[in-house]
Every structure is written in C-alpha cells, then in structure tokens.
Amino acid sequence: MKYLDEFRNGDIARRIVEDIHRLTTRPWAIMEVCGGQTHAIIRNGLDQILPQRLELMHGPGCPVCVTPLDVIDQALVIASLPGVTFCSFGDMLRVPGSDRDLLQVRSEGGDVRVVYSPLDAVALARALPDRQVVFFGIGFETTAPANAMAVHVARHERLDNFSMLVSQVLVPPAIDAIMTAPGNRVQAFLAAGHVCSVMGLHQYPVLAERHHVPIVATGFEPLDVLEGIRCAVRQLESGEARVENAYARVVSMAGNLPAQRMLADVFAITDRTWRGIGTIAASGWRLADAYQAFDAARRFGVQDIRTQESPLCRSGEVLRGALKPTQCPAFGRACTPRTPLGATMVSGEGACAAYFHYGRLRDDAPAHGDPVVLS
C-alpha cells in the first residue's frame, strides 16, 4: 500500500492546505463532479480545513444517484418477470423505485443477481440459454466501455437471450446544464479523473471558454483532491478559466482511444433524464441502431413507464449543488441508510450517504478555519 500512502501524506497535505489559505483572497464556490471525490472530502474532513470563504459544492457525479426513477421502475418490472435473470452491480439493489427495490423483488422470488462485470452477465446468458439475462447498464463514461463490450460480445456470439437496460449519462453536458441553470453559483469544477481517463480532456476546453470556468481533472485520494482545489483556486484568483490536468498519472488529453472506438460503435448520443434534475439534451447514450435488438426496455415493452419522484426527497437539489444533505428536512430522520427516500442516501458515492456515514448529521458542522495539522 506504499503507493497509496504517498497520496495520503499528512505533511504534504498540510503544506497544500497552507498554500490554499495563502492563495484564497475572495469567496469562491468549487464543485467536485464525482461522488467518489465527495466521499474523499467528507471522510477526510478536507472541507473543514480549507479557508472559510472557500465553499465546496457536491455535484451530480454519482451514477446510481442520477439514474431516473422511470428506469428504476422499468428494472423492477423486468426483474419480476418469469424466465428473467436480472443482473446488476450491488449498489443498485437498494435504490428505491416507486414502491420497492430490487432486493424486495429478489425476496419475492425474482432471479436478481449481483455481478462484478457486465461480461459476467454475458457468461450467464451462455450458461442459461433458456432464460432471458438482462444487465442493468448504468453510469458515466467510466462504466460505458465495459457495458459496450458486453453488448458487442453478445451480438458477435448471437446470444439472443442477452439484453441491457441502458441508462448511460455523460459529464460534459451536465456541466453545461449546471452553468446555465438559474441561480447557479459554481465558479470552478473538479472533473472526475476516471471519466477523463476514458474520454480524455478534449471535450472540456469549449466549456471552460464558454462559461469562463476553470475545470481541473483530479483523482480521489486526499492529496489528489487538495491539489485539484489548489489548481482551481490559483486560476480563480488570477482570472483564468482553462482546463488543467492535476491527475497526469492517469489522465491524458486524448484518453483511451480503443475504448472510445468501442463506445462509438455500440452507442449513440441521446437526450437523458437525470433523477431529480430533469432532461438534459444530448447527455447520454442509447444503443446504436445496429444493436437495438439488445435493448431490454424495447424487448420487454417497458420504455413508456413514467413515474413521479417523492416530494419528501430533495436529492435533485443535492445533485445540483443547491443544497447540502443536512439542509434537507428528511435527512437523518425520515431518510436514513435503512429507510432511504432517494438514491443519494443509498449509493456508495451518494452525498447524503457520505454525510450520514461520516457523522455530518447537522447543518452546524464545524466551520472552516485556519490550517490544521493532518495526521
């Protein structure tokens, strides 16, 4: 674990924090796009050792959280059908639909299985030719290449009993939507390093220029996040607005070209609805025309399902950075990890789950202040 320890070094973190304090002369609001970065910030208390005038806002980069309720309900209908083996990553099983979740479907006799790769679902389709095997394909650009590969392999092998329920979303259109939303306060972004490792950085300069907003690609360890914040503050204070790579050990400008070619073959750009946010134009993928036979929503006739969000859950505001989890009246009361109202309390990357798990249960958390010594 020596390599990871180097990115958790308290002495280096303290020096970066001191530098951020020195650089920060005005109030700034920076949004970390990815839920993994949110958890790193809350778990390590990074927001509490930064200058008081520096606000970190939690963005919509949790794939489970932004999967719309309509799609969750489609999954529940498909998973309940006889003859269907429904496969998903484990963090989707407790995400609430309109009246139940996938765990409840499994308890009622549905064949719902946790897999660790979409190719595991393809292997099940080979092994179970008499059953319809469906994989729940959600996420951002990070998970999309593996999902695309699964459909590509199924088509190549003519596995007619395999299909995918697709809810793939894209980061750049979400940034554009946030910056054009009424009341937006975001002044800089920490871009998700794993997304950028796949897609590269070439999509972001136009956004930085259009909205005059710094965009810094960064990772998920404490020093990664702090370095990303330092880069963003440096740009903000100097009036710059450009794309910066603070995660060069993983991210390149071009990204993963073979993965991008696979995505271009299997998927096509489409409008997508984001849970709690609404429809964002050209913000997701659907299966391309050549792969439509593997679209589970069409195969099982559930594409027209439409549902309403719970009025008690304000996860949409949390995902837009307009609300901290502790500012939601249901947080920690009607909504807990045992009784979640929304996906932000269920997902391992959800902001509400991070706040609850790490003891941020009130809106009067310790204020930011002078730099502290990190252990």
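The structure we're discussing is the one just above.
Nothing here was measured: the structure is a model prediction, and the numbers come from that model. (Residues numbered from 1 in each chain as written. Predicted model: local features only at pLDDT ≥ 70, side-chain atom pairs only at ≥ 80, totals over all residues. Heavy atoms only, no water.)

**Concerning empty space enclosed by the protein**
Okay, step 1: Scanning all chains against the criterion turns up two cavities of 30 Å³ or more.
Okay, step 2: Lining the largest cavity we find Cys 313, Arg 314, Ser 315, Val 318, Cys 328, Ala 330, Phe 331, Cys 335, Gly 342, Thr 344, Met 345 and Cys 352.
Okay, step 3: Taken together, the elements giving at least two residues each to the lining of the largest cavity come down to α15 (315-319) and α16 (343-346).
Okay, step 4: At the level of secondary structure, the elements contributing two or more residues to the lining of the second largest cavity comprise α3 (35-44) and β2 (54-61).
Okay, step 5: Ranked by residues supplied to the lining of the second largest cavity, first place goes to β2 with three residues.
Okay, step 6: Of the residues in the lining of the second largest cavity, the class split is four nonpolar, six polar and one charged. (1 Å grid on protein atoms, 1.4 Å probe; cavity = no way out; pocket = protein on both sides within 12 Å on 5 of 7 lines; lining within 4 Å. Points joined across faces, edges and corners; volume = space filled by probe spheres on them. Helix = DSSP H or I, 4+ residues; strand = E, 2+ residues; numbered from the N terminus. Nonpolar A, V, L, I, M, F, W, Y, C, P; charged D, E, K, R; others polar.)

**Describing helix α9 (residues 171-180)**
Okay, step 1: Counted residue by residue, α9 has seven buried out of 10 residues, so it is predominantly covered.
Okay, step 2: Of all the positions in α9, only Val 171, Pro 172, Pro 173, Ala 174, Ile 175, Ile 178 and Met 179 are classed as buried. (Buried < 20%, exposed > 50% of the residue type's maximum accessible area, 1.4 Å probe, protein only.)

**Notes on the packing of aromatic side chains**
Okay, step 1: Taken as a whole and judged by the stated rule, the model has six aromatic pairs.
Okay, step 2: Look at Phe 220 and Tyr 247: their rings are 6.3 Å apart centre to centre, the planes differ by 85°, and that puts the pair in the edge-to-face class. With a gap of 27 residues between them, Phe 220 in the loop between β8 (215-218) and α12 (222-238) and Tyr 247 in the loop between β9 (243-245) and α13 (257-266) connect regions that are remote in the sequence. The pair Phe 220 / Tyr 247 is uniform in exposure class, with both members buried. (Phe/Tyr/Trp six-rings, centres within 6.5 Å; stacked < 30°, edge-to-face > 60°.)

**Here's the deal with the state of the cysteines**
Okay, step 1: According to the stated counting rule, one finds one disulfide in the structure shown.
Okay, step 2: With its sulfur 2.4 Å from that of its partner, Cys 62 forms a disulfide with Cys 65. Given an S-S torsion of about 70°, the disulfide between Cys 62 and Cys 65 has right-handed geometry. Neither residue differs from the other here; Cys 62 and Cys 65 are each classed as buried.
Okay, step 3: Unpaired in this structure, Cys 335 has its nearest cysteine sulfur neighbour in Cys 313, at a distance of 6.0 Å. (Disulfide = S-S within 2.5 Å.)

**Observations regarding the pattern of salt bridges**
Okay, step 1: Taken as a whole and assessed by the stated rule, the structure comprises 18 salt bridges.
Okay, step 2: Notably, a salt bridge pairs Arg 360 with Asp 47, separated by 2.8 Å at the nearest N-O pair. Taken together, the positions of Arg 360 in the segment after α17 (351-357) and Asp 47 in the loop between α3 and β2 put the pair 313 residues apart, joining distant regions of the chain.
Okay, step 3: With a relative accessible area of 8%, Arg 360 lands in the buried category.
Okay, step 4: Among the ionic pairs, Asp 176 bridges to Arg 210, the shortest N-O distance being 3.0 Å. Placement of Asp 176 in helix α9 and of Arg 210 in helix α11 (residues 205-211) is noted, with a sequence separation of 34 residues between them.
Okay, step 5: Residue Asp 176 is classed as partly exposed on the basis of its relative accessible area, which comes to 22%.
Okay, step 6: Taking the relative accessible area as the measure of exposure, Arg 210 reaches 49% and is therefore partly exposed.
Okay, step 7: Several salt bridges share partner residues, and in doing so they unite Asp 19, Arg 22, Glu 227 and Arg 230 into one network. (Salt bridge = Lys/Arg side-chain N within 4 Å of Asp/Glu carboxyl O.)

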